[in-house]
Amino acid sequence: MSNNRVEQLESTVSELESTVTGLTEELIEAKERIRVLEAELDADTPTRVPERRAEPADGDETPEAEPDDVAEAAADADGEADTSGDETEDSGSDDIIVA
């Protein structure tokens, strides 16, 4: 009976050793994969410069605005400047009391 028990224990120890060896190998492989992924992540870190400001990769130049678009934008800017000036003058004159 004790022989059978010893054989059973030896078998269990052998299975446990195999399991520990397998898990150790998996851990080593996982650590290596993590290192590779972290290296790729570091290489793929985006820059702070937006893509629209980046240089064209194929050598094409950035298209220029049409003269009509420029004139329209300038007219819109002039209209906004006049409006903001009127608002400032109105709000400032209400607060001043002359004796």
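Residues numbered from 1 in each chain as written. Predicted model: local features only at pLDDT ≥ 70, side-chain atom pairs only at ≥ 80, totals over all residues. Heavy atoms only, no water.

Thoughts on the overall build of the chain
A count of helical and extended segments in the chain gives two helices and zero strands. Accessible area of the chain: about 9,800 Å², with a carbon and sulfur share of 53%. (Helix = DSSP H or I, 4+ residues; strand = E, 2+ residues; numbered from the N terminus. Areas by Shrake-Rupley, 256 points an atom, 1.4 Å probe, with all protein chains shown as cover.)

Quick notes on the pattern of salt bridges
Applying the stated criterion across every chain yields a total of one salt bridge. In this structure, the salt-bridge partner of Glu32 is Arg35, at a minimum N-O distance of 3.2 Å. Of this pair, Glu32 and Arg35 both sit in helix H1 (residues 2-43), separated by three residues, roughly a single helical turn. Judged by relative accessible area, Glu32 falls into the partly exposed class, the value being 42%. (Salt bridge = Lys/Arg side-chain N within 4 Å of Asp/Glu carboxyl O. Buried < 20%, exposed > 50% of the residue type's maximum accessible area, 1.4 Å probe, protein only.)

Considerations on the confidence of the model for the chain
Confidence along the chain averages 75 in pLDDT terms, with 56% of residues attaining 70 or more. In this model residues 84-89 is a low-confidence stretch, pLDDT under 50, and it forms zero contacts with partners more than four residues away in sequence or in other chains. (pLDDT = per-residue confidence, 0-100. Contact = heavy atoms within 4.5 Å.)

Quick look at a negative patch on the surface
A surface patch of negative charge is lined by Glu66, Asp68, Asp69, Glu72 and Asp76. With respect to the helices and strands, Glu72 occurs in helix H2 (residues 67-95). (Patch = residues over 30% accessible without salt bridge, like charges linked within 9 Å, V, L, I, M, F, W, Y side chains within 5 Å. Lys, Arg positive; Asp, Glu negative; His and termini not counted. Charge placed at Lys NZ, Arg CZ, Asp CG, Glu CD.)

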